[in-house]
Amino acid sequence: MSKSIDQVFVNAKQWLLSWLAGSPDWVIQVASILINVFMLLAVFLTLFALISVLERKILARMQNRYGPNRVGPFGLFQPIADGIKMLIKEDIVPARADKIVHFLAPVLIAAVAILTLAVIPYGRNMTPFTIDGGILFFFAVGSATELAVFMAGWASNNKFSMLGAMRAIAQMFSYELPLIITVLPVVMVVGSLMPDRIVSAQAGYTFGLVPRWFVFTPWGGVAFILFFVSGLVESNRTPFDVPEGESEIVAGHMTEYSGFKYATFFMAEYIGMFAVSGLSATLFLGGWHAPVRVLEIVPSYVWFFLKLSGLLFVYIWIRGTLPRTRIDQMMNFAWKFMLPMAFTCVIAAAVWHYAGRGLRGWLWSLFVIVMVYSALSILLDTRRKFGPRVYRFAE
Amino acid sequence: MTPTLQAFVLVSGALFSIGLLAALSRRHAIFILIGIELMLAAANLNFIAFWHFAPQPHQPTGVMFAIFSIAISAAEAAIGLAMVIAVYRHYHTTNVDQLDQLKG
Amino acid sequence: MSNAAFVIIAIFTLAAALAAATLRKLMHAALSFAVALVGLAALFFLLGAEFVGLALVFIYIGAVAVLIVFTILLTRRDVGKDRGFNWAGVLIALAVFCGLTWSILKTQSLSIVAPHIRALTVKRIGEALMTGYVWPLQCVGLLLTAALIGALILVMEEKR
């Protein structure tokens, strides 16, 4: 019974495809791809609409106000109102802009964001696009975001846009290194770049109690935190939203965009956030596996989306909590702390593997990480004492 | 009906010629770099095509060569663009025809 | 691997490459260079070398294209002046193209169809890189480090 609920979407797709039985091979292939694309778009655009209103409501609660509550029950129809507003707004293209590139930038950024969603396993047998180098596909396609952001900034012919694009590229480049290097230990331990293999390597429970997710090993835990922070930067979320910095450079690379193009950028940002959260759930949080054996009757995709929404909540929580960092602080943090720690994770994973993947390996890799962490914290200590502030007045 | 090796080599030859066109006819240093990158990419296509059409079972030699060649062309692009910036700072031009002085 | 897919991708790639070589605006040329490389990666996918195609997209779109675009931005005062078009170069390129095409069409041994291919998994590439190709890999690592340091030193501001 629970098995059929678990596979309900897979079976539905098979049933739909069985209508086409007898037609040539490529027709079935194309139909299968179209069904996958349609499902992806339907699910994630709904999720986008939902999260855009939930984010505002959660943020509002954190700031002791109500948030949107006028349109529909609990303000749930707010995204529809927003969408209509965005659609009927005038689409302004600056006179000195490079018209073609100005148009192509939002198209590219949205296409890239949606493509990266394709390799994530959403449930048992539920990967839309199965490919041998799935993780590499994710990062290869995702790296086109930088080009799209640059196109937006350059084509607008506006100094705020250009500054925002430069900032965005600087931070994306710097944080892409730790982002990718923290994936390395997982790939090393599993021995595959396929997301499905990575998820199935995290099946089972130690002592029948603790799930074998990578986040529960020392290297995995540290890599998860590093990956999450880098993901925050890659999706330009709040403590690191320097490229958009409303109080400094209007809206960064999106300054000259209005109406539906602006909405496309907004959507791409959220979908990029879903993709990074989905990938971190896949890599470190066991993908669609249940946390307790008893709960395995709950369908796998439910677990995946629960983990995804948990991570998204943390994103919103951080946005409600932390102020924006300065760009030089961010860069220093990336190159002096994140990158060495990411390499340490790789070494710690190797130590864990060669010390037998048991308790001994656990302790040894913890030892390696603690050593490097304390060494880094001594080396990076700027010895700046925070005394009482001295005010100098004009005399 | 599948394309033969000839088709792939023809595409690679055309790509190489386009790269040569960019490298020889344009006067901007960055165009020359783009041309060189296109030629290297055409060579990579040849490696992969010949690897694919080699009699089975075979070693992944062509793929290996392409991987190394991509890495090296990335290094080359980094150095080349750094040189473009350095030259631009010095002469305030990126037109390679105007860079005819040995005396800085 | 069907003929139609090959023809479409090949025309797409060559058109984008031609645009990269001939467009007047440098930024458009750099962007169409990126598009041409996407087409090339698609050709690699057709040939069953998925890993190389992904690596190509990753390195060229994610790094080289962004670098080129950045350099264009940093040398911006010069962009308008690019009017020179060397016609001798066009002639040489045409001659090379004709020579290559003629010799490829003449070669009989090239008109073979692919044998049934076993997919080259990433695992096999990794094993090959770590066994038979360890020394080239190390050399490439050294080369990349040298290139990194060299590029940094080249663009460093001179202290006077």
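Trainee: Mind showing me how you'd approach the overall build of chain C here?
Mentor: Helix and strand content of chain C: six helices and zero strands. A total of 160 residues make up chain C; the buried ones form 38% of that total. For chain C, the proportion of contacts with a sequence separation of at least 24, taken over those separated by at least 6, is 47%. Surface accessibility of chain C: about 8900 Å² in total, with carbon and sulfur atoms responsible for 72%.

Trainee: I tried to follow the interface of chain C and chain A on my own but got confused; where do I start?
Mentor: Where interface size is quoted, it is often the accessible area lost as the parts come together. At the interface, 24 residues of chain C touch 24 residues of chain A. Summing the contributions of chain C and of chain A, the shared interface buries around 2000 Å²; its carbon and sulfur component is 81%. At the boundary of chain C with chain A, the tally comes to one salt bridge. For the pair chain C and chain A, the interface holds two residue pairs in polar contact (both at pLDDT 80 or more). Elements represented by at least two residues in the side of chain C that touches chain A include exactly helix 2 (26-46), helix 3 (50-74) and helix 5 (122-130) of chain C. When residues of the side of chain C that touches chain A are assigned to their parent elements, the largest contribution, 14 residues, is made by helix 3 of chain C. Residues of the side of chain C that touches chain A, tallied by class, amount to 18 nonpolar, three polar and three charged.

Trainee: Just checking my understanding: could you explain the interface of chain C and chain B for this structure?
Mentor: Taken residue by residue, the interface counts 82 residues in chain C and 71 residues in chain B. The junction of chain C with chain B conceals about 7100 Å² of combined surface from both sides, 78% of it contributed by carbon and sulfur atoms. Where chain C touches chain B, the interface holds zero salt bridges. The interface formed by chain C and chain B holds five residue pairs in polar contact (both at pLDDT 80 or more) in total. Listed by contribution, the elements that provide at least two residues to the side of chain C that touches chain B are helix 1 (3-22), helix 2, helix 3, helix 4 (87-106), helix 5 and helix 6 (134-155) of chain C. Per-element tally for the side of chain C that touches chain B: the top contributor is helix 3 of chain C, with 11 residues. In the side of chain C that touches chain B, the residues fall into 59 nonpolar, 15 polar and eight charged.

Trainee: What's the story with the pattern of salt bridges in this structure? I'm lost.
Mentor: Oppositely charged side chains are able to pair whenever their charged atoms sit close together. The full count for this structure, using the stated rule, is four salt bridges over all chains. The salt bridge partner of A:Glu55 is A:Arg319, with a shortest N-O separation of 2.8 Å. One end of the pair, A:Glu55, is in helix 3 (residues 25-62); the other, A:Arg319, is in helix 14 (residues 300-321), and 264 residues separate them in sequence. Relative accessible area serves as the criterion here: at 34%, A:Arg319 is assigned to the partly exposed category. Among the ionic pairs, C:Lys25 bridges to A:Asp98, the shortest N-O distance being 4.0 Å.

Trainee: Is there a simple way to think about the environment of A:Asn36 in this case?
Mentor: All names here are of chain A. Inspection of the secondary structure puts Asn-36 in helix 3. On the basis of relative accessible area, Asn-36 is assigned to the buried category, the value being 18%. With 356 residues separating them along the chain, Asn-36 and Arg-392 place their C-alpha atoms 65 Å apart.

Trainee: Would you take a moment to explain empty space enclosed by the protein for this structure?
Mentor: Here the idea is plain: a probe the size of a water molecule rolls over the atoms and shows the empty space left. Residue and element names in this part refer to chain A. Considering all chains together, one arrives at three cavities of 30 Å³ or more under this definition. Taken as a whole, the largest cavity holds about 400 Å³ of empty space. Taken together, 25 residues make up the lining of the largest cavity; nearest its centre are Thr-145, Met-172, Glu-234, Ser-235 and Gly-272. Those elements that place two or more of their residues in the lining of the largest cavity are helix 5 (99-116), helix 6 (134-142), helix 7 (144-155), helix 8 (159-181) and helix 13 (259-284). For the lining of the largest cavity, the element with the most residues is helix 13, which contributes six residues.

Trainee: How should I be thinking about the packing of aromatic side chains in this particular structure?
Mentor: Residue and element names in this part refer to chain A. Taken as a whole and judged by the stated rule, the model has 32 aromatic pairs over all chains. Between Phe-333 and Phe-337 the ring centres are 5.4 Å apart and the planes differ by 15°, which places this aromatic pair in the stacked class. Highlighted residues: Phe-333 and Phe-337, both in helix 15 (residues 327-354), separated by four residues, approximately one helical turn. Measuring from centroid to centroid gives 6.1 Å for Phe-337 and Tyr-373, while their planes differ by 80°, and the two rings are edge-to-face. Remark: Tyr-373 occurs in helix 16 (residues 359-379) and Phe-337 occurs in helix 15; sequence separation between them is 36 residues.

Trainee: Where do I start with a nonpolar patch on the surface in this structure?
Mentor: Residues and elements named next belong to chain A. Taken together, the side chains of Leu-50, Leu-54, Phe-74, Leu-76, Phe-77, Ile-80, Ile-84, Leu-87, Ile-88 and Phe-260 present a nonpolar region at the surface, about 1100 Å² in accessible area. Residue assignment for the nonpolar patch shows that the elements contributing at least two residues are helix 3 and helix 4 (78-87). The element contributing the most residues to the nonpolar patch is helix 4, with three residues. Topologically, Phe-74 is positioned in the loop between helix 3 and helix 4. Here Phe-74 falls in the exposed class, since its relative accessible area comes to 66%.

Trainee: Please explain the packing of helix 9 (residues 183-190) of chain A against helix 15 of chain A as it appears in this structure.
Mentor: Pairs of packed helices are described in terms of their axes, by the angle between the two and the distance that separates them. Residue and element names in this part refer to chain A. Helix 15 packs onto helix 9 with a crossing angle of 20° between their chain directions and a minimal axis gap of 8 Å. Considering the angle they form, helix 9 stands roughly parallel to helix 15. The crossing of helix 9 and helix 15 is right-handed. Contacts from Leu-184, Pro-185, Met-188 and Val-189 of helix 9 reach helix 15 at Cys-345, Val-346, Ala-349, Ala-350 and Trp-352. Residue composition of the contact of helix 9 with helix 15, by class: nine nonpolar, no polar and no charged.

Trainee: Honestly, the packing of helix 1 (residues 5-25) of chain B against helix 4 of chain C in this entry has me stumped. Any pointers?
Mentor: Relative to each other, helix 1 of chain B and helix 4 of chain C sit at 165°, their axes nearing to 8 Å. Classified by the angle their axes make, helix 1 of chain B and helix 4 of chain C are roughly antiparallel. Regarding helix 1 of chain B and helix 4 of chain C, the two cross each other, and that crossing is right-handed. Across the interface between the two elements, B:Gln6, B:Val9, B:Leu10, B:Gly13, B:Ala14, B:Phe16, B:Ser17, B:Leu20, B:Leu21, B:Leu24 and B:Ser25 of helix 1 of chain B pack against C:Gly89, C:Val90, C:Ile92, C:Ala93, C:Val96, C:Phe97, C:Leu100, C:Thr101, C:Ile104 and C:Leu105 of helix 4 of chain C. The class makeup of the residues in the contact of helix 1 of chain B with helix 4 of chain C is 15 nonpolar, six polar and no charged.

Trainee: In this structure, what is going on with unusual backbone geometry? I would like to understand it.
Mentor: Peptide bonds are, in most cases, trans, and in most cases residues other than glycine have a negative phi. Residue and element names in this part refer to chain A. One non-glycine residue, Asn-64, adopts positive backbone phi at about 60°. Position of Asn-64 among the secondary structure elements: in the loop between helix 3 and helix 4. On the accessibility criterion, Asn-64 (75% relative accessible area) is exposed.

Trainee: Looking at this structure, I do not really get the arrangement of the chains. What am I missing?
Mentor: Contacts are most numerous, across the two pairs of chains in contact, for chains B and C. For the non-touching pair chain A and chain B, the nearest C-alpha separation works out to 14 Å.

Trainee: Any chance you could explain helix 6 of chain A here in plain terms?
Mentor: An α-helical segment advances 3.6 residues per turn. Residues three or four places apart therefore align on the same side. With eight of nine residues buried, helix 6 of chain A lies mostly within the body of the structure. Within the span of helix 6 of chain A, buried status applies to A:Gly134, A:Ile135, A:Leu136, A:Phe137, A:Phe138, A:Phe139, A:Ala140 and A:Val141.

Trainee: Help me out: how do you make sense of the confidence of the model for chain C in this one?
Mentor: Looking at chain C as a whole, the pLDDT averages 82, with 88% of positions reaching at least 70. In the model of chain C, helix 5 of chain C stands out as the element of lowest mean pLDDT, 83, in contrast to helix 6 of chain C, which has the highest, 89.

Calculation rules
Residues numbered from 1 in each chain as written. Chains lettered and ligands numbered in written order. Predicted model: local features only at pLDDT ≥ 70, side-chain atom pairs only at ≥ 80, totals over all residues. Heavy atoms only, no water. Helix = DSSP H or I, 4+ residues; strand = E, 2+ residues; numbered from the N terminus. Buried < 20%, exposed > 50% of the residue type's maximum accessible area, 1.4 Å probe, protein only. Contact = heavy atoms within 4.5 Å. Areas by Shrake-Rupley, 256 points an atom, 1.4 Å probe, with all protein chains shown as cover. Buried area = accessible area lost by both parts, 1.4 Å probe. Salt bridge = Lys/Arg side-chain N within 4 Å of Asp/Glu carboxyl O. Polar contact = N/O pair within 3.5 Å; in protein donor to acceptor, adjacent residues only side chain to side chain. Nonpolar A, V, L, I, M, F, W, Y, C, P; charged D, E, K, R; others polar. 1 Å grid on protein atoms, 1.4 Å probe; cavity = no way out; pocket = protein on both sides within 12 Å on 5 of 7 lines; lining within 4 Å. Points joined across faces, edges and corners; volume = space filled by probe spheres on them. Phe/Tyr/Trp six-rings, centres within 6.5 Å; stacked < 30°, edge-to-face > 60°. Patch = residues over 30% accessible without salt bridge, like charges linked within 9 Å, V, L, I, M, F, W, Y side chains within 5 Å. Axes fitted to C-alpha atoms, helices over the stretch in contact; angles between N-to-C directions. Parallel < 35°, antiparallel > 145°, perpendicular 65-115°, else oblique. Left-handed = near helix turned anticlockwise from the far one by under 90°. pLDDT = per-residue confidence, 0-100.

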